[in-house]
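The primary structure of each chain is shown beneath.
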Amino acid sequence: MTRLVSIALLLSLVALLSSCSQRQEQGVVLKFWAMGREGEVVTALIPEFERTHPGVRVEVQQLPWTAAHEKLLTAFAGEVMPDVFQLGNTWIPELEVLNALAPLDGYVAASAVVRQDDYFPGIWDTNVVNGRLWGLPWYVDTRVMFYRQDMLKRAGFNTPPQTWAGWMKAMTAIKRMVGPDNYAILLPSDEFEPLLALALQQDEPLLRNGDRYGNFRSAGFQRSLQLYADMYAQKLAPLNRITNVYHEFGMGYVSFYISGPWNMGEFKRRLPAEQQDKWMTAILPGPAGPAASVAGGSSLVLAASSRHKTEAWQLIEYLSRTDSMARFNELTGDLPPRRSNWTLPKLAQDVYARAFAQQFERVRPTPKVPEWEQIATEMRLVAERVTHGELTVAQAAELLDAKADHILEKRRWMLARKEAR
Amino acid sequence: MNSQRAAWCFVAPALLVISVFFFLPVLAALIMSLTDFDIYALADLRNLRFVGLRNYIQLLQTPLFWQALGNTLYFVVVGVPLSIAASLGAALLLHSRLTWFKGLFRTAFFAPVVTSLVAVAVIWRYLLHTRYGMINYGLQELGIPAIDWLNDPQWAMPAIILFAVWKNFGYNMIIFLAGLQSIPEDLYEAAGLDGAGTWQQFRFVTWPMLGPTLLMVSILSMTGYFQLFAEPYVMTQGGPVQSTVSVLYFMYEQGFKWWNLGAASAVAFVLFAIMFGVTLLQLRFAKGGEV
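Conventions used here
Residues numbered from 1 in each chain as written. Chains lettered and ligands numbered in written order. Predicted model: local features only at pLDDT ≥ 70, side-chain atom pairs only at ≥ 80, totals over all residues. Heavy atoms only, no water. Helix = DSSP H or I, 4+ residues; strand = E, 2+ residues; numbered from the N terminus. Buried < 20%, exposed > 50% of the residue type's maximum accessible area, 1.4 Å probe, protein only. Areas by Shrake-Rupley, 256 points an atom, 1.4 Å probe, with all protein chains shown as cover. Contact = heavy atoms within 4.5 Å. UniProt positions renumbered as here; feature names shortened; annotations may be inferred. Core = buried A, V, L, I, M, F, W, Y, C linked by side-chain atoms within 4.5 Å. Domains from an automatic or database assignment. Arc of directions from axis to C-beta. Pairing = 2+ DSSP bridges. Axes fitted to C-alpha atoms, helices over the stretch in contact; angles between N-to-C directions. Phe/Tyr/Trp six-rings, centres within 6.5 Å; stacked < 30°, edge-to-face > 60°. Lys NZ or Arg CZ within 6 Å of the ring centre and 35° of its normal. Parallel < 35°, antiparallel > 145°, perpendicular 65-115°, else oblique. Nonpolar A, V, L, I, M, F, W, Y, C, P; charged D, E, K, R; others polar. Salt bridge = Lys/Arg side-chain N within 4 Å of Asp/Glu carboxyl O. Buried area = accessible area lost by both parts, 1.4 Å probe. Polar contact = N/O pair within 3.5 Å; in protein donor to acceptor, adjacent residues only side chain to side chain.

Novice: Explanation requested: the overall build of chain B in the structure shown.
Specialist: Within chain B, the secondary structure is distributed over 14 helices and 0 strands. Overall, chain B shows an N-to-C arrangement of helices and strands of α-α-α-α-α-α-α-α-α-α-α-α-α-α. Scored against the burial criterion, the 291 residues of chain B give a buried share of 43%. Summed over its atoms, the accessible surface of chain B is roughly 16,300 Å², and 72% of this surface lies on carbon and sulfur atoms.

And the structure:
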């Protein structure tokens, strides 16, 4: 008797559940995942897309950046990937290895909207892995120099430094001026990007032999690390962490700061009015003149598992239109990856954005292996030990190569097996 | 026989759930720890290699693992006694007949346990700030130079211990309080009649009567403290110079940041073995003490 009751209960439960899932949706529903602020703001662009594409509905889900990587891999493992998603462009190699992405070359070739020559080449390149295009740049990100014009002037320099030597000279002069309790440059120890930007300015690649081994013992990388270490050794950069960068920058605790586009908005908002004409941005100094920086940002990608690829591509194409990008820039402050957007008044007249426009023409992608982020983290940790005086530059380079080689072991095995076949 | 079957019927659902959600995953993790499961294996299972004990051997050759183990032991060895002392002290204070506003203090001491760790960590980061933090301000008033708490490799772990002890002592305090309240009052009366003072009453009545409670609290705290993760994750991200990387933090990075699930499972089993060993030692020590 009890068994009968439980079977009946079970059956009714099954019926209830299936009736839920069987509800018919009208037309196509696209699942779109976007991270952080972009995820909030992009919803404002969706109604226009839905209006021009009747029968297609877009469901936007926001992921916090800190959980995005985990969530994407879990979604992949659980086979519940969205149709379209935002992807940090350094994560593309990893999802490409998983076969989670659909190549976009065919769509781009047939598109009247997307033109490769309109994109900054270094940013476009981050989306190309193994000769195929896996994502379309959505917004770009790099690191430039934020600096205090007035401090530089007081130290006797009218223009921002363009070479490493000039940079060190300017920083030394500022340090002499501000005394032992203040510094010349802020290099946050929890970020690998400043050192990475310097390393990307070198001719040698960061990995060698088809990205099978680390190449940190190269003279170029050691030069970059030496410069970085010198800034600490000569007390130009503070070792302790800072909680409020804007306050410290305004106070003159530091006069240089390598950072990204989001800080343009923050500096405008957080520095008092009388300091607004005192800060400026400049392209990063290089070994001999203005040089490369990191190619960051996010791309829009199409999931290989999507059952609505045509509509999904239409969404990507719509978001890549110059007018959508201009609107997106207005809403988020994120910088557009298409050169044609940079002639629009809002960006062309922004003095702070000018350095970014120059820098984007000189950005370089990082090695395109899934293990890169782990290697970059090791690079940061080793550099931290150098700045604390635990390692010399040469020791650090050797250690870093050993770590990179270890991390890349599986990759070497995979490649060797592929070649044997 | 019939009652035995009934017993099994009652236990079976729970056993089933435990085996599906506990024993099976543990077994799977054990098997995984013998493979090099990583992002490539997630893409295609043919990229999975059975590596035997290589994960374990490599783990034992990884300097960062030893450093993480050292950091964790430091945290346990300093943190557990401190935490027990603080919670016992607070419990004695609250149990004392002389204390006023017991309810208020009990709530105040227990509040950190139930507050979100992330929220209080943010506040502690402000308290510990090198130049504007209240703690350094207090120290400077006393003539002690400011300490760069969270950025000095020497001080980061003490700062985290301080924070963890403050966060957790209320929990043990409640257990101690229950233990204290279960000690019969006549024992104190008898001791008082024999001329025992406050200290002697504590030494010869309270302390031995609290024995089992103390053992339980020390095992609970020890296992809890070995699993240090959230505090460094929120406060320092393992820095500076990896001085606050704990074993669990190391495992998290291997498993969920770099997706080396094989290696991460090996870390979990090594940590389990260590905790199991230490608990056995504690139990043996307690038994020896009783004889």
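Novice: Looking at this structure, I do not really get the overall build of chain A. What am I missing?
Specialist: The helix and strand tally for chain A stands at 20 helices and 15 strands. Burial status across chain A gives 56% buried among its 421 residues. For chain A, the share of sequence-separated contacts (at least 6 apart) that also reach a separation of at least 24 residues comes to 75%. Within the structure as shown, chain A displays about 18,800 Å² of accessible surface, and the carbon and sulfur contribution to it stands at 52%.

Novice: When you look at unusual backbone geometry in this model, what are you seeing that I'm missing?
Specialist: Residues apart from glycine generally show negative phi values, whereas peptide bonds are mostly found in trans. Its identity is not glycine, yet asparagine 99 of chain A carries a phi of approximately 60°, on the positive side. Tracing the backbone through its elements, the reader meets asparagine 99 of chain A in the loop between α5 (92-97) and α6 (105-110). We note that glutamine 237 of chain B has phi near 50°; this positive angle belongs to a residue other than glycine. Checked against the element boundaries, glutamine 237 of chain B lands in the loop between α12 (230-235) and α13 (247-257).

Novice: Explain the UniProt feature "domain: ABC transmembrane type-1" (unreviewed entry) in chain B to me, please; I cannot follow it from the model alone.
Specialist: Per the UniProt record, the feature "domain: ABC transmembrane type-1" (unreviewed entry) sits at residues 69-282 of chain B. Annotated as 77% helix and 0% strand, the span residues 69-282 of chain B places its first and last C-alpha atoms 19 Å apart.

Novice: Which parts of the structure should I look at to understand the nonpolar core?
Specialist: Soluble globular proteins: nonpolar side chains tend toward being buried together. Counting residues in each nonpolar core, the largest one holds 83 residues, and the members touching the most others are Trp167, Phe216 and Phe256 of chain A. Considering every element that reaches this core, the biggest residue donor is helix α9 (residues 164-178) of chain A, with 8 residues. A domain-level breakdown of this core finds at least three residues from each of domain 1 (28-141 + 295-349) and domain 2 (144-294 + 367-420) of chain A. Judged by nonpolar contacts, the second largest core, of 48 residues, contains Val76, Leu180, Val205 and Val247 of chain B.

Novice: Explanation requested: helix α17 (residues 351-360) of chain A in the structure shown.
Specialist: Each turn of an α-helix holds 3.6 residues, which means side chains three or four residues apart point in the same direction. Turning to α17 of chain A, its buried residues are Tyr352, Ala353, Ala355, Phe356, Gln359 and Phe360 of chain A. The buried residues of α17 of chain A occupy an angular sector of 150° when the element is viewed end-on, so they sit on one face.

Novice: Can you walk me through the UniProt feature "transmembrane region" (unreviewed entry) in chain B in this structure?
Specialist: Residue and element names in this part refer to chain B. The UniProt feature table records "transmembrane region" (unreviewed entry) at residues 73-95, 107-127, 159-183, 204-226 and 258-281. Along residues 107-127 one finds 90% helix and 0% strand; the C-alpha atoms at either end are 22 Å apart. Across residues 159-183, helical content stands at 92% and strand content at 0%; the span's end C-alpha atoms are separated by 36 Å.

Novice: I would appreciate a short explanation of the sheet that holds strand β2 (residues 56-63) of chain A in the present structure.
Specialist: Strand pairing in a sheet takes place through backbone hydrogen bonds and is either antiparallel or parallel in direction. Residue and element names in this part refer to chain A. With mixed pairing, the 5 strands of this open sheet are ordered in space as β2-β1-β3-β14-β6. Whereas interior strands pair on both sides, the edge strands pair on one side only; in this sheet they are β2 and β6 (136-141). Between one strand and the next, the sheet's axes are offset by a mean angle of 20°, whatever the strand orientation. Summarising the sheet, strand β1 (residues 28-35) and β2 pair through 8 bridges and their orientation is parallel. In the strand pairing of β2, leucine 30 is matched with valine 58.

Novice: Honestly, the packing of aromatic side chains in this entry has me stumped. Any pointers?
Specialist: Describing an aromatic ring pair means giving the distance of the ring centres and the angle of the ring planes. Residues and elements named next belong to chain A. As enumerated under the stated definition, the model contains 43 aromatic pairs over all chains in all. Ring geometry for phenylalanine 356 and phenylalanine 360: centres 6.2 Å apart, planes at 40°, overall tilted. Pair noted here: phenylalanine 356 and phenylalanine 360 are both in helix α17, with a separation of 4 residues, about one helical turn. Ring pairing ties together the aromatic residues Phe120, Phe146, Tyr246, Phe249, Phe267, Trp279, Trp342, Tyr352, Phe356 and Phe360, which thus form one cluster. Sitting over the ring of tyrosine 183, lysine 175 keeps its end group 4.3 Å from the ring centre.

Novice: Would you take a moment to explain the packing of helix α10 (residues 198-209) of chain B against helix α11 (residues 211-226) of chain B for this structure?
Specialist: Helices that pack against each other are described as a pair by the angle of their axes relative to one another and the distance between those axes. All names here are of chain B. Between α10 and α11, whose axes approach to 4 Å, the crossing angle comes to 55°. One way to sum up the angle between α10 and α11 is to call them oblique. On α11, the residues touching Trp207, Pro208 and Met209 of α10 are Gly211, Pro212 and Leu214. Grouping the amino acids of the contact of α10 with α11 by side-chain chemistry returns 5 nonpolar, 1 polar and no charged.

Novice: Would you explain the sheet that holds strand β8 (residues 185-186) of chain A in this entry?
Specialist: All names here are of chain A. Pairing is mixed in the open sheet, where 4 strands are placed in the order β8-β11-β7-β12. Because the sheet does not close on itself, it has two edges, and the strands there are β8 and β12 (279-282). Bridging between β8 and strand β11 (residues 256-259) involves 2 bridges; their strand directions are parallel. Paired with leucine 186 across the bridge in β11 is tyrosine 257. Running at roughly 130° to β11, α9 makes contact with β7 (144-148), β8 and β11 of the sheet.

Novice: What am I meant to see in the pattern of salt bridges here?
Specialist: Tallied over the entire structure, the rule returns 25 salt bridges over all chains. Salt-bridge contacts for arginine 51 of chain A lead to glutamate 48 of chain A; the nearest nitrogen and oxygen are separated by 3.3 Å. Linking arginine 51 of chain A with glutamate 48 of chain A, this pair stays in helix α3 (residues 46-52), spanning 3 residues, or about one helical turn. What makes arginine 51 of chain A exposed here is its relative accessible area of 60%. Using a relative accessible area of 31% as the deciding quantity, one classes glutamate 48 of chain A as partly exposed. Between arginine 321 of chain A and aspartate 323 of chain A there is a salt bridge; the shortest N-O distance is 3.1 Å. Here arginine 321 of chain A falls in the partly exposed class, since its relative accessible area comes to 27%. Among the charged side chains, a salt-bridge network with shared partners connects Glu409 and Lys410 of chain A together with Asp36, Asp38 and Arg49 of chain B.

Novice: I'm lost on the side chain of glutamine 242 of chain B in this one. Help?
Specialist: Mapping glutamine 242 of chain B onto the fold places it in the loop between α12 and α13. The contacts of glutamine 242 of chain B, once residues within four sequence positions are left out, are Leu381 of chain A together with Leu64, Gln67 and Asn71 of chain B.

Novice: Mind showing me how you'd approach the interface of chain A and chain B here?
Specialist: One frequent convention defines the size of an interface as the accessible area lost when the parts assemble. Listed as interface residues are 32 residues of chain A and, on the opposing side, 29 residues of chain B. Summed over both partners, the interface of chain A with chain B buries about 2,800 Å², with 54% contributed by carbon and sulfur atoms. Applying the counting criterion to the chain A and chain B interface returns 3 salt bridges. Between lysine 410 of chain A and aspartate 38 of chain B there is a salt bridge whose closest N-O contact spans 3.1 Å. Joining chain A to chain B, the criterion identifies 8 residue pairs in polar contact (both at pLDDT 80 or more). Elements with a minimum of two residues in the side of chain A that touches chain B: α4 (65-77), α5, α12 (245-251), α18 (372-387) and α20 (409-420) of chain A. Tallied by class, residues from the side of chain A that touches chain B come to 10 nonpolar, 9 polar and 13 charged.

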